[in-house]
Amino acid sequence: MDKESQKPRRAPAGAAAFREDVTEAIRAAVFEELATVGYGRMSIERIARRAGVGKAAVYRRWRSKLPIVLDVVSALAVQGMPTPDTGSLLGDVQALLKVTARLLQHPMAAQILPDLLAEAARNPDIAQALQTAVRDSQRGIAETIVQHAVARGELSADTSVDLALDLACGPLYWRLVMVRSPLPAGYLEGLARATTAALGAARTAR
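Draft legend 1. Focus on the overall build of the chain. Scanning the chain from terminus to terminus reveals ten helices and zero strands. Secondary structure elements in the chain, listed N-terminal to C-terminal, are α-α-α-α-α-α-α-α-α-α. Of all 206 residues assigned to the chain, the portion counted as buried reaches 39%. Long-range pairs, those at least 24 residues apart, make up 65% of the contacts in the chain between residues at least 6 apart in sequence. Counting only carbon and sulfur atoms, one obtains 55% of the accessible surface of the chain, whose full area is about 11,000 Å².

Draft legend 2. Just helix α8 (residues 124-151), in detail. A rise of 1.5 Å per residue sets the reference length of α8, with its 28 residues, at 40 Å; its end C-alpha atoms lie 38 Å apart and thus fit the reference within 8%. T132 marks where α8 bends most, by close to 30°. Along α8, the positions that sit buried rather than exposed are I126, A129, L130, A133, S137, Q138, I141, A142, I145, V146 and A149. Phi turns positive, to about 85°, at G153, one or two residues after α8.

Draft legend 3. Geometry of a nonpolar patch on the surface. Nonpolar side chains collect at one region of the surface, where L117, W174, M178 and V179 lie side by side and expose about 420 Å² of accessible area between them. Positionally, M178 belongs in helix α9 (residues 161-178). The class for M178 is exposed, based on a relative accessible area of 53%.

Draft legend 4. Focus on the confidence of the model for the chain. Per-residue confidence for the chain gives a mean pLDDT of 85, with 87% of residues at or over 70. No element of the chain has a lower mean pLDDT than helix α5 (residues 65-79), at 76, and none a higher one than helix α3 (residues 44-51), at 95.

Draft legend 5. The pattern of salt bridges, seen in detail. In total, this model carries 13 salt bridges according to the counting rule given. Note that R27 is salt-bridged to E24, the shortest N-O span being 2.7 Å. Taken together, the residues R27 and E24, both in helix α1 (residues 20-36) and three residues apart, mark about one turn of the helix. We classify E24 as partly exposed; its relative accessible area is 37%. We note a salt bridge from R49 to E45, for which the minimum N-O separation is 3.4 Å. Taken together, the positions of R49 and E45, both in helix α3 and four residues apart, correspond to about one turn of that helix. Owing to a relative accessible area of 47%, E45 belongs among the partly exposed residues under this scheme.

Draft legend 6. Broad picture of the side chain of T159. Of note, T159 is situated in the loop between α8 and α9. Taking relative accessible area as the criterion, T159 reaches 12% and is therefore assigned buried.

Draft legend 7. Molecular detail of the nonpolar core. Within the largest apolar cluster, 58 residues are counted, with the highest numbers of intra-cluster contacts made by I26, V30, L97 and L172. The leading source of residues in this core is α8, at nine residues. What L97 contacts, discounting residues up to four positions off in sequence, is A168, C169, L172, L188, L191 and A192.

Draft legend 8. Just the packing of α8 against α9, in detail. Relative to each other, α8 and α9 sit at 125°, their axes nearing to 9 Å. Classed by the angle they form, the pair α8 and α9 counts as oblique. As α8 runs across α9, the sense of the crossing is right-handed. Contacts between α8 and α9 involve V134, R135, Q138, R139, A142, E143 and V146 on the former and, on the latter, V161, D162, A164, L165, D166, C169 and Y173. Considered class by class, the residues forming the contact of α8 with α9 number eight nonpolar, one polar and five charged.

Reading the values: the criteria
- Residues numbered from 1 in each chain as written.
- Predicted model: local features only at pLDDT ≥ 70, side-chain atom pairs only at ≥ 80, totals over all residues.
- Heavy atoms only, no water.
- Helix = DSSP H or I, 4+ residues; strand = E, 2+ residues; numbered from the N terminus.
- Buried < 20%, exposed > 50% of the residue type's maximum accessible area, 1.4 Å probe, protein only.
- Contact = heavy atoms within 4.5 Å.
- Areas by Shrake-Rupley, 256 points an atom, 1.4 Å probe, with all protein chains shown as cover.
- Expected span 1.5 Å × (residues − 1).
- Bend = angle between axes of the 7 residues up to and from the residue.
- Patch = residues over 30% accessible without salt bridge, like charges linked within 9 Å, V, L, I, M, F, W, Y side chains within 5 Å.
- Salt bridge = Lys/Arg side-chain N within 4 Å of Asp/Glu carboxyl O.
- pLDDT = per-residue confidence, 0-100.
- Core = buried A, V, L, I, M, F, W, Y, C linked by side-chain atoms within 4.5 Å.
- Axes fitted to C-alpha atoms, helices over the stretch in contact; angles between N-to-C directions.
- Parallel < 35°, antiparallel > 145°, perpendicular 65-115°, else oblique.
- Left-handed = near helix turned anticlockwise from the far one by under 90°.
- Nonpolar A, V, L, I, M, F, W, Y, C, P; charged D, E, K, R; others polar.

Next up, the structure:
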């Protein structure tokens, strides 16, 4: 008997009531399976076994492994990242880079992201979920950083948020996700200075 069927539960009319601890156990199992065997070899049976539930508990929530992965990846965007507010553009960019680098260097993320990027090339649904979870969530943070810098007079009002995000985080994804190269000492500080200098140069050139 799996976790969810051990206790009686009352479902509201017209809706299914799911135990949140079981749902979270399944989500955690999905992350672990992605990191261990990758999307291609992941199965509902393996997820259920790792979560300590029956397959029915998984199927009651998701019809197949693709919706599970899309849900789990999209949940990253909901969790979000803290928006830095250090009082300067350089400080905010440094803070954003440190948090992003820490997340990308997490052992599980280091295993999952390359695999999902490969799957995204074949599956547009995964590609869209990755864009929502990775880029769109960070774009919101970058937009706030740019707005604060504009209000302080550090950047022009027409500064491109997408350009700011690409300049700041693009090198991190290249090094840590694509080529898997460790960051040398002082790299984040240097990248932050280069990013703010480039954005500032665009302001003075107008």
